[in-house]
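Coordinate inspection notes
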Amino acid sequence: MSANGSLDTGFDPKANGFVISVAVQGDGKIVLGGTFTTLQPNGAAFATARQYVARVNADGSLDAGFDPKANNYVSTVAAQADGKILFGGDFSAVQPNGATSATLRTGIARVNADGSLDTGFDLHVGGLSDEVLSMAVQADGKILLGGDFSSLQPNGAPSATARRFVARVNADGSLDAGFDPAPNFTVNWVAVQADGKILLGGRFAALWPNGAASPTTRRYFARLNNDAATQTLSAPDASQVLWQRGGGSAEVSMVTFELSIDGGANWTFLGNGTRMGNTSNWQLTGLTLPASGQLRARGRTADGSGLIEQVAVFSFLTSIQQWKLTQLGDANAPDLGDTDFDGLVHLAEYALNLSPTAPSLPPPAERHLYAEGERLRMFFTRDPARNDVTLEVQSADSPAGPWTTVAASTLGGVTTGPGYVGGDDATPGLKTVEVRDTVDISPTTASRYLRVKVTH
């Protein structure tokens, strides 16, 4: 259908039976699973045999080279990051792409992107109706299975392993031995949330997770903990955006990127993402991004049933440019400007955490008695995150100098020097730093001065 809900009249694959599951690939092709045995797409003169699983192009026409051919209905289909296709159902054999004979595959099979059998993935479900009803693919390649089974026998294992109604296998089809929620009846649906947690829906009333001594009541719907989901959305430079995904995150396809320059009130479409090789990472290149803004990435889950998104702020501004933009509305305001006419330039106010729009006073020097004698001291505030400036506290006998540095914080580093007293460290957050002169004040001292020098 169109955006307004009206029918897309040009799209008509015309299956002769139920379509139970759909997965949309990154290239726009659509994999169908169900009870059908033929398709007659878009007004074709004749129907084409497709036994329970098929793939159509984005316009609804048949992908003629893709014909996995299960021997009974397919309940669930999913696309992997590497282009391979998973399908599960009530079948016991497949005969892909005109193979001369069928190959035993009970309940689940995986084919390559061209529809040929992935012979290294030989996972058989057993017990009850031997049916896989639902699948979800994680970004780390692991595959969640839900259905009406009681055991799995992966990749030529000599014997089956008990797994009641839900299981997880690794990307190569081997069993993930540490994952065993053990519901007490059929799981019809599995899905992965954005945070990696796993949702189960079905006809169960309790679970015995990972060998628990007693069951926990969960009627028909439950959520499981999972490996941590990881995803990072960034703009490495103004020409590209990158969405890196891993762990228990849901695998996605059909990724899009958008840009907002007004805090998320409005979004502009940037383009469709491209998968980075066979990984779960996506990127879009050839862009000309502004100096700062927000990015939004969205992708459909591997079975096409859900939407995962992430929003992130990006900026190509330096720390002081971002401060100027926030405080003054102009990232390129002059370092030596003095908007509030208080005698302190923007650069000094940035380094000392003072306001550039309200009059401020510089850090004062005062007399203080230390164990070593009476000296001038000064307190100033610095932020370690402002790592593009150097702060030096200097002393002299005369305003004309010569000036001697007694303590310094270099490019956001901890303050050091013979005049440093305390208050500073490398942890995040504002620091109130105490610095003193290295010369004692005595009755014979005519004058003594302290100043702060800021360089950028």
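Higher on the page you've got the structure.
Residues numbered from 1 in each chain as written. Predicted model: local features only at pLDDT ≥ 70, side-chain atom pairs only at ≥ 80, totals over all residues. Heavy atoms only, no water.

1. A word on the overall build of the chain
Put simply, the rule reads: Think of it this way: any DSSP run of H or I at least four residues long counts as a helix, any run of E at least two long counts as a strand, and we number them from the N terminus. Between buried and exposed lies partly exposed: a residue is buried under 20% and exposed over 50% of the maximum accessible area for its type, with that area taken using a 1.4 Å probe on protein chains only. Any two residues having at least one pair of non-hydrogen atoms within 4.5 Å are treated as being in contact. In these tables, accessible area is a Shrake-Rupley quantity obtained with a 1.4 Å probe, and a residue counts as shielded only by the protein chains included in the view. Asp and Glu are treated as the negative residues and Lys and Arg as the positive ones, with His and the ends of the chain left uncounted. Lysine's charge is taken at NZ, arginine's at CZ, aspartate's at CG and glutamate's at CD.
Looking only at helices and strands, the chain features 2 helices and 36 strands. With the principal axes as the frame, the chain shows a C-alpha extent of 105 × 55 × 35 Å. Here the chain, with 456 residues, has 47% of them falling under the buried criterion. Taking all contacts inside the chain whose residues are at least 6 apart in sequence as the whole, residues at least 24 apart take part in 49%. Working note: accessible area of the chain is about 20600 Å², and carbon and sulfur atoms make up 53% of it. If you average the places of the 33 positive and of the 44 negative side-chain charges in the chain, the two averages end up 5 Å apart.

2. Section: the pattern of salt bridges
This is how it is decided: When a carboxyl oxygen of Asp or Glu lies within 4 Å of a side-chain nitrogen of Lys or Arg, that pair is called a salt bridge.
Under the defined criterion, the tally for this structure stands at 24 salt bridges. A salt bridge links Glu374 to Arg367, with the shortest nitrogen-to-oxygen separation between them at 3.0 Å. With a shortest N-O distance of 2.7 Å, Arg375 and Asp440 are connected by a salt bridge. Of this pair, Arg375 sits in strand E31 (residues 373-382) while Asp440 sits in the loop between strand E35 (431-436) and strand E36 (449-455), placing them 65 residues apart in sequence. The exposure class assigned to Arg375 is buried, which follows from its relative accessible area of 12%.

3. So, the pairing of E35
How we decide: Paired strands are those between which DSSP finds at least two bridges.
Within E35, 5 of the 6 residues are buried, leaving the element largely enclosed by the surrounding structure. Bridge analysis of E31 against E35 gives 6 bridges, and the strand direction is antiparallel. Across the sheet, Phe379 pairs through a bridge with Glu434, a residue of E35. In this structure, strand E34 (residues 420-422) lies alongside E35, joined through 2 bridges in antiparallel fashion. Paired with Gly422 across the bridge in E35 is Glu434.

4. Brief notes about the environment of Thr37
Topologically, Thr37 is positioned in the loop between strand E2 (30-34) and strand E3 (38-39). We classify Thr37 as partly exposed; its relative accessible area is 31%. As a C-alpha pair, Thr37 and Ile20 span 17 residues in sequence and 13 Å in three-dimensional space. Not counting chain neighbours up to four residues away, the residues in contact with Thr37 comprise Asn16, Thr48, Ala49, Arg50, Gln51 and Tyr52.

5. Here we look at the sheet that holds strand E27 (residues 282-284)
Strands in a sheet are paired, the pairing made by backbone hydrogen bonds, and the direction either parallel or antiparallel. On the basis of which strands lie adjacent, the open sheet formed by 4 strands has the order E22-E23-E27-E26 and antiparallel pairing. Only two strands of the sheet have a single partner each, and these edge strands are strand E22 (229-237) and strand E26 (274-275). As defined by bridge partners, strand E23 (residues 240-247) adjoins E27 across 3 bridges and the pair is classed as antiparallel. In the sheet register, Trp243 faces E27, and the bridge partner there is Trp282.

6. Topic: unusual backbone geometry
The peptide bond linking Gly401 to Pro402 adopts the cis configuration, its omega dihedral lying at 0 degrees. Within the secondary structure, Pro402 sits in the loop between strand E32 (390-396) and strand E33 (404-409). A positive phi angle is found at Asn210, which is not glycine, with a value near 45 degrees. Mapped onto the elements, Asn210 comes out in the loop between strand E19 (206-207) and strand E20 (216-217).

7. As for the pairing of strand E17 (residues 187-192)
Note that E17 and strand E18 (residues 198-202) share 5 bridges and pair antiparallel. Bridge pairing in E18 places Val192 opposite Ile198. Between E17 and the antiparallel strand that follows it, E18, lie 5 residues; Gly196 among them carries a positive phi value of about 95 degrees.

8. Describing the packing of aromatic side chains
Test applied: Here a pair means two rings of Phe, Tyr or Trp (six-membered ring of Trp) with centres within 6.5 Å. Their orientation is stacked below 30 degrees between planes, edge-to-face above 60, and tilted elsewhere. Charges are assigned to positions over rings by a cutoff of 6 Å between ring centre and Lys NZ or Arg CZ, combined with an angular limit of 35 degrees from the ring normal.
For the structure shown, the criterion picks out 5 aromatic pairs. Their ring planes at 55 degrees and their centres at 6.0 Å tell us that Phe165 and Phe185 sit as a pair that is tilted. Residue Phe165 is found in the loop between strand E15 (161-162) and strand E16 (166-169), and its partner Phe185 is found in the loop between E16 and E17; the two are separated by 20 residues along the sequence. The ring of Trp243 carries Arg245 above its face, with NZ or CZ at 4.9 Å from the centroid.

9. Side note on the sheet that holds E16
Under the convention used in this document: Every axis corresponds to a line fitted to the C-alpha atoms, with the helix fit spanning only the stretch in contact, and the corresponding angles, defined between N-to-C directions, vary from 0 to 180 degrees.
Here 3 strands make up an open sheet; going across it, the order is E12-E13-E16 and the pairing antiparallel. Only two strands of the sheet have a single partner each, and these edge strands are strand E12 (131-137) and E16. Taken over all neighbouring pairs, the strand axes of this sheet differ in orientation by 25 degrees on average, direction set aside.

10. Remarks on helix H1 (residues 319-328)
Which entries qualify depends on this criterion: Note that the arc is computed from the directions linking the helix axis to the C-beta atoms.
Within H1 the residues assigned to the buried category are Ile320, Trp323 and Lys324. The buried residues of H1 occupy an angular sector of 100 degrees when projected down its axis, which confines them to one face. Close packing links the buried residues of H1 with helix H2 (346-351). Phi for Gly329, located one or two positions after H1, is positive at around 80 degrees.

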